[in-house]
Amino acid sequence: MARGKRYQPEQVVNLLRQTEVAVANGERTAQACKEAEIVEQTYFRWRRSMGGCR
């Protein structure tokens, strides 16, 4: 069974920012994550581990 992608810390920060901007502009979290090609669970885990970028 294949594992998912591995992201560098810079990539994680960029994807978090991209998703946060989309959510701030009124987009649903699920749709913003889909556009960033990550699952919601990963988004929330990254947000929690990176200090809650908000």
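Please refer to the structure placed before this passage.
Residue numbers run consecutively from 1 along every chain, following the written order of its sequence. Per-residue local features of the predicted model are confined to residues with pLDDT of at least 70, and side-chain atom pairs are confined, for both listing and counting, to 80 or more; whole-chain, interface and lining totals are unaffected and use all residues. Side-chain numbers here rest on the full set of heavy atoms in the structure, without hydrogens or water.

**Things to note about the packing of helix α1 (residues 9-24) against helix α3 (residues 40-49)**
Right, on to step 1. Between N-to-C directions, angles span 0 to 180 degrees; the directions come from axes that are lines fitted to C-alpha atoms, helices contributing only their stretch in contact. Only DSSP runs of H or I covering at least 4 residues are called helices, and only runs of E covering at least 2 are called strands; the numbering of each starts at the N terminus. Where α1 meets α3, the closest approach of the two axes is 10 Å, and the angle between their N-to-C directions is 110 degrees. Comparing the axis directions of α1 and α3 gives the class roughly perpendicular. Every pair of crossing elements has a handedness; the one defined by α1 and α3 is left-handed. In contact with V12, L15, L16, T19 and E20 of α1, α3 contributes Y43, W46 and R47. Oblique is the label for every angle not falling under 35 degrees (roughly parallel), over 145 degrees (roughly antiparallel), or within 65 to 115 degrees (roughly perpendicular). Left-handed is the label given to a crossing in which the near helix is rotated counterclockwise from the far helix by less than a right angle, and right-handed is the label when the rotation is clockwise. By definition in these notes, contact holds between two residues if any of their heavy atoms fall within 4.5 Å.

**Comments concerning the packing of aromatic side chains**
What describes a pair of aromatic rings is the distance from one ring centre to the other and the angle between the planes of the rings.
Right, on to step 1. Ring pairs shown here join Phe, Tyr and Trp side chains whose ring centres sit within 6.5 Å, with only the six-membered ring taken for Trp; geometry is labelled stacked below 30 degrees between planes, edge-to-face above 60, and tilted in between. On inspection of all chains with the given rule, the structure shows two aromatic pairs.
Right, on to step 2. Centre to centre, the rings of Y7 and W46 are 5.3 Å apart; their planes meet at 85 degrees, and the pair counts as edge-to-face. Note that Y7 is positioned in the segment before α1 and W46 in helix α3, a separation of 39 residues in sequence.
Right, on to step 3. Residue class for Y7 comes out partly exposed when judged on its relative accessible area of 27%. Burial classes follow relative accessibility: with a 1.4 Å probe on protein chains only, a residue under 20% of its type's maximum area counts as buried, one over 50% as exposed, and anything between as partly exposed.

**Here's the deal with the nonpolar core**
Right, on to step 1. Residue types Ala, Val, Leu, Ile, Met, Phe, Trp, Tyr and Cys, when buried and joined through side-chain atoms within 4.5 Å, form a set referred to as a nonpolar core. Listed in full, the eight residues of the largest apolar core are V12, L15, L16, C33, A36, I38, Y43 and W46.
Right, on to step 2. Sequence-distant contacts of V12, that is, excluding residues within four places in its chain, are made with Y7, W46 and M50.

**Here we look at the environment of W46**
Right, on to step 1. Judged by relative accessible area, which is 10%, W46 ranks as buried.
Right, on to step 2. Residues W46 and L15, spaced 31 residues apart in sequence, show a C-alpha to C-alpha distance of 9.7 Å.
Right, on to step 3. The residues touching W46, leaving out its near neighbours within four places in the chain, are Y7, V12, L15, L16 and I38.

Note that all results are geometric; they support no functional claim without further evidence.
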